[in-house]
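Structure at a glance
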Amino acid sequence: MLPKPQIVNLPVYQPGKPIEEVKKELGLQEVIKLASNENPFGCSSEVQAAITQELTNVNLYPDGSAAELTELLAEQLGVAKEQIIFGCGSDEIIALIARAFFLPGDETVMADQTFSVYKSNADIEGALTIEVPLREGTHDLEAMQNAIGAKTKVVWICNPNNPTGTIVAKDELEAFLAGVPENVLVVLDEAYAEYVTDSNYLSGISLLNKYPNLVVLRTFSKIYGLASLRIGYGVGQPGVIKLINQVREPFNTSRFGQAAAKAALRDQRFVAECRSKNREGISYLYQQFDRLGLSYFPAHGNFIMVDAQRPASEMFQAMLKLGIIIRGGFAKYPSYVRVTVGSAEQNAKFVTALEQVLGQPAARV
């Protein structure tokens, strides 16, 4: 068998350890997973009711166009239905963009520490990745613009950025978009946008009419709590969305996912509550990291990237033994770990374990 030569040495994505596996391996009664940026508060109660109603339709294919969900989302976002495409998580939209636009030898620009799926999909299609160093954990848009060349097809901006959690200021974003050639697609990944409370943040949805070469990605996996149902979407100008749709497989989102997403969109009170609790959790973790003398990046999603002041692999194993699963392995930040903002109880247990690993005394009450 002769595979594409560019995939032979590609690393296989390594997901976080499952909770049950860790319990069994280490003989622990409780394990808290703070590695995958899942919503610790679950999902809206309306979602569970919607899924239950779909149980009688398991034998039926889903609506390949997700018509009802598309109409509901278009109304909420203030865009046309033709501007939306749904995927098996926003990850699939990333893969579809790569499939639709890249030829071997094309170039793509991204940050040097960002969501790894951008590069892996570019590699699969034989495109050359130009990685621009982050500046204090944030996209250096001026340097990224300078990296755009004659062969550049796509620029990727993760905002808030995964894994650092930083955001791009709205003035910088608009200045960047104004300077990008019209024939270069800009993909603005806003998987964590609903968590942002900073007034200096500007969603790309409001810029779509001004910049026809812009595509915005969103997901139901994070604040909506539908990670297991794998449903996300992209929004752009109809002509661009049509091109991406032309390489999409039919029936790529499930009946359960579509029903759950519709119910989730209707319950914005749940979203607001999760955003508020997440901000409280961030404030608590800021205080604890400050007390422990640990530096961290400003957090605008539902996770914080903190300098553990020791190799991240060592930190991961030490925390794992105490029943806390976190994320490390970031090449540009070898001593940093990423921790999901959990519930108040989960955050407190994380800090207790962190103190034990770091050899710090417990906080005075």
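Residues numbered from 1 in each chain as written. Predicted model: local features only at pLDDT ≥ 70, side-chain atom pairs only at ≥ 80, totals over all residues. Heavy atoms only, no water.

**Side note on the sheet that holds strand β7 (residues 214–219)**
Keep this limit in mind: Two strands qualify as a pair provided that DSSP identifies no fewer than 2 bridges between them. Strands here mean DSSP runs of E at least two residues long; helices mean DSSP runs of H or I at least four residues long; both are numbered from the N terminus. Orientation is described by lines fitted to C-alpha atoms, with helices fitted over the stretch in contact, and by angles between N-to-C directions that extend from 0 to 180 degrees. We call two residues in contact whenever any of their non-hydrogen atoms come within 4.5 Å of each other.
Strand order in this open sheet of seven strands is β2-β8-β7-β6-β5-β3-β4, and the pairing throughout is mixed. The sheet is open, and its two edges are formed by β2 (84–87) and β4 (128–132), each paired on a single side. Strand-to-strand twist across the sheet, computed as the mean angle between neighbouring axes with direction ignored, equals 20°. Against the sheet, helix α5 (residues 117–124) makes contact with β3 (107–111), β4, β5 (152–158) and β6 (185–189), and its axis sits at roughly 155° relative to β4, the strand it touches most.

**Observations regarding the packing of aromatic side chains**
By convention here, two paired aromatic rings are described through the distance between centres and the angle between planes. Going by this rule: Whether two aromatic rings pair depends on their centres lying within 6.5 Å, for rings of Phe, Tyr and Trp, where Trp uses its six-membered ring; planes under 30 degrees apart make the pair stacked, over 60 edge-to-face, and the rest tilted. Partly exposed residues are those whose accessible area sits between 20% and 50% of the maximum for their type, while under 20% is buried and over 50% is exposed, using a 1.4 Å probe and protein chains only. Any Lys NZ or Arg CZ that is within 6 Å of a ring centre and within 35 degrees of that ring's normal is treated as a charge sitting over the ring.
For the structure shown, the criterion picks out 13 aromatic pairs. With a centroid separation of 5.0 Å and an interplanar angle of 10°, the aromatic rings of Tyr118 and Trp156 are classed as stacked. Of this pair, Tyr118 sits in helix α5 while Trp156 sits in strand β5, placing them 38 residues apart in sequence. Of the residues examined, Tyr118 reaches a relative accessible area of 1% and is grouped as buried. Taken together, the aromatic side chains of Phe86, Phe220, Tyr224 and Tyr233 make up a single cluster linked through ring pairs. In this arrangement the basic side chain of Lys277 is found over the ring face of Phe41, its NZ or CZ atom lying 4.9 Å from the centre.

**Some details on the nonpolar core**
Put simply, the rule is: Throughout, nonpolar core names a set of buried Ala, Val, Leu, Ile, Met, Phe, Trp, Tyr and Cys residues whose side chains join them through atoms within 4.5 Å.
Counting 53 residues, the largest nonpolar core has Phe86, Ile157, Phe176, Leu214 and Phe220 as its most contacted members. Judged by nonpolar contacts, the second largest core, of 31 residues, contains Val306, Phe316, Met319 and Ile324.

**Considerations on the pattern of salt bridges**
We apply this condition: By convention in these notes, a salt bridge is any Lys or Arg side-chain nitrogen within 4 Å of a carboxyl oxygen on Asp or Glu.
In this structure the tally under the stated criterion is 16 salt bridges. The network of salt bridges with shared partners includes Glu30, Glu345 and Lys349.

**Side note on helix α9 (residues 255–266)**
Threshold: Expected helix span is computed as 1.5 Å times (number of residues minus one).
Here α9 contains twelve residues, and its C-alpha end-to-end distance of 17 Å stays within 8% of the 16 Å for a straight helix at 1.5 Å per residue. Of all twelve residues in α9, nine are buried, a share of seventy percent or more. Taken together, the buried positions of α9 are occupied by Gly257, Gln258, Ala259, Ala260, Ala261, Lys262, Ala263, Ala264 and Leu265. Structurally, α9 contributes buried residues whose contacts are with α2 (45–54), α3 (67–77) and α10 (268–292).

**What to know about the environment of Pro40**
Within the secondary structure, Pro40 is located in the loop between β1 (32–33) and α2. Considering only alpha carbons, one finds Pro40 and Ser343, 303 residues apart in sequence, at a separation of 5.9 Å. Apart from the residues lying within four places of it in its own chain, the contact partners of Pro40 are Val341, Gly342, Ser343 and Gln346.

Honestly, that's just the spatial picture; any functional story needs more than this.
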